[in-house]
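Residue-level structure breakdown
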Amino acid sequence: MAVFECEQCGKCCVSLGPLITIERQLNDRDYYCRCKIDNAIFPVHVDPAYREEIADEFAAAGLDRNSMDKKPCTFQRKNPDDDGTTCAIYTSRPAVCRDFRCYRMLIRNKEGAILGRVIGKNTIRTEDAALKKLWDEQAAAIPYGNPAVWIKNVAGILAEHGFCADPVE
Ligand code: SF4
Ligand code: SF4
């Protein structure tokens, strides 16, 4: 079984939309927030690199807190190290973000190198032309009714062609 590893690319944060609202500020780093999905209140600790800009935005928003919800997420911030984004509360992000898995299976070659990822129900993301062809022509058509049976059948097809299925825990 593969261990899911989040690369903090931020793509799921964009697609999920504004889920997190700030309920109360404790100091310039700590807040109480609410998650709109389960309505849970949770404490967050802002990464020191983003403490000032988030505290400034919070102060500028005043009573108009909704103005901080316009981005995909209040805590999604530009990553200074590349062109992407990062989560400013990664270590204290809510359960809904912590539990999210953007892929459900890794596909490896015999040497263990990762050649592809299965996302959603049965969509593959891969640069390997042979794996893509195999998936589209055989694996994608396997009925998904029972996840354990689906994994077994997919793993069988992949193994016949020299690939290894590695489901995420
Ligand atoms: S869960 Fe996946 S899509 Fe979301 S930030 Fe992590 S790697 Fe990116
Ligand atoms: S709290 Fe972090 S992980 Fe969750 S949606 Fe916002 S930026 Fe993404």
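Going by the structure above, here's the rest.
Just so you know, these numbers come straight off a predicted model, no measurement behind them. (Residues numbered from 1 in each chain as written. Chains lettered and ligands numbered in written order. Predicted model: local features only at pLDDT ≥ 70, side-chain atom pairs only at ≥ 80, totals over all residues.)

1. Details of the site of ligand 1
This is how it is decided: Residues are counted as near a molecule or strand when the C-beta atom, derived from backbone positions, lies within 6 Å of that molecule or strand. Residues are grouped as follows: Ala, Val, Leu, Ile, Met, Phe, Trp, Tyr, Cys and Pro are nonpolar; Asp, Glu, Lys and Arg are charged; every other residue, Gly included, is polar.
In the region of ligand 1, the neighbouring residues are Cys6, Glu7, Gln8, Cys9, Gly10, Lys11, Cys12, Phe100 and Cys102. When grouped by side-chain class, the residues that make up the shell around ligand 1 number five nonpolar, two polar and two charged.

2. Side note on helix α2 (residues 48-61)
For the α-helix, the turn length of 3.6 residues means that residues three or four positions removed from each other point alike. Heads up, the rule is: A run of DSSP states H or I qualifies as a helix once it reaches four residues; a run of E qualifies as a strand once it reaches two. Both are numbered from the N-terminal end. By definition here, a helix of n residues has an expected span of 1.5 Å times n minus one.
Taking 1.5 Å of rise per residue, the 14 residues of α2 would be expected to cover 20 Å, and the 20 Å separating its terminal C-alpha atoms lies within 8% of that figure. Phi turns positive, to about 55°, at Gly62, one or two residues after α2.

3. Overview of the pairing of strand β2 (residues 30-35)
Rules: Strand pairing requires that DSSP identify at least two bridges connecting the strands.
Relative to β2, strand β1 (residues 20-25) runs antiparallel, the two sharing five bridges. Bridging across to β2, Gln25 finds its partner in Tyr31. Counting the residues that bridge the hairpin from β1 to β2 gives four residues. In the sheet, β2 pairs with strand β3 (residues 41-45) via five bridges, with the strands oriented antiparallel. Directly across from Cys33, in β3, lies its bridge partner Phe42. Between β2 and β3, which pair antiparallel and follow one another directly, the connecting turn spans five residues, one of which, Asn39, has a positive phi of 65°.

4. Re unusual backbone geometry
We count it as follows: Around each residue's C-beta, the other C-beta atoms within 10 Å are counted; 20 or more make the residue buried, 12 or fewer make it exposed, and counts in between make it partly exposed. All C-beta atoms are placed from the backbone.
Not every positive phi belongs to a glycine, and Gln8 is a case in point at roughly 55°. Following the sequence through the fold, Gln8 ends up in the segment before α1 (11-16). One non-glycine residue, Asn39, lies in positive phi territory at about 65°. With respect to the secondary-structure elements, Asn39 resides in the loop between β2 and β3. On the neighbour-count criterion, Asn39 (7 C-beta atoms within 10 Å) is exposed.

5. Describing the sheet that holds β3
Put simply, the rule reads: The axes used here are C-alpha line fits, helices contributing only the stretch in contact, and every angle between their N-to-C directions lies in the interval 0 to 180 degrees.
One open sheet accounts for three strands, arranged β1-β2-β3; its pairing is antiparallel. Each end of this open sheet is capped by a strand with a single partner; those strands are β1 and β3. Put simply, the sheet's adjacent strands are angled 40° from each other on average, direction ignored.

6. Some remarks on the sheet that holds strand β7 (residues 114-119)
Across the sheet, which stays open at both edges, the four strands sit in the order β8-β7-β6-β9 with antiparallel pairing between neighbours. Where the open sheet ends on each side, the last strands, each with one partner, are β8 (123-126) and β9 (164-167). Strand-to-strand, the axes of this sheet are offset by a mean angle of 25°, without reference to chain direction. Bridge count between β7 and β8: four bridges; the pairing is antiparallel.

7. Focus: the nonpolar core
As a reminder, the rule being used: Put simply, a nonpolar core is a cluster of buried Ala, Val, Leu, Ile, Met, Phe, Trp, Tyr and Cys residues tied together by C-beta atoms within 7 Å. With C-beta atoms placed from the backbone, a contact is any residue pair whose C-beta atoms sit within 7 Å.
Ranked by size, the top nonpolar core spans 13 residues in total, and within it Met105, Ile107, Leu131, Trp135, Leu158 and Ala165 carry the most contacts. Breaking this core down by element, the ones donating at least two residues are β6 (105-108), α4 (129-137) and α5 (147-160). In this structure, Trp135 is in contact with Ile124 and Ala140, ignoring residues within four places of it in sequence. Within the second largest apolar cluster, 12 residues are counted, among which are Ile20, Tyr31, Val44 and Ile54.

8. Topic: α4
This is how the line gets drawn: Here, the arc refers to the directions that run from the helix axis to the C-beta atoms.
Residues Leu131, Leu134 and Trp135 constitute the buried set of α4. When α4 is viewed along its axis, its buried side chains cluster within an angular range of 100° and face the same direction. In this structure, α4 carries Ala129, Lys133, Asp136 and Glu137 as exposed residues pointing more than 90 degrees from its buried face.

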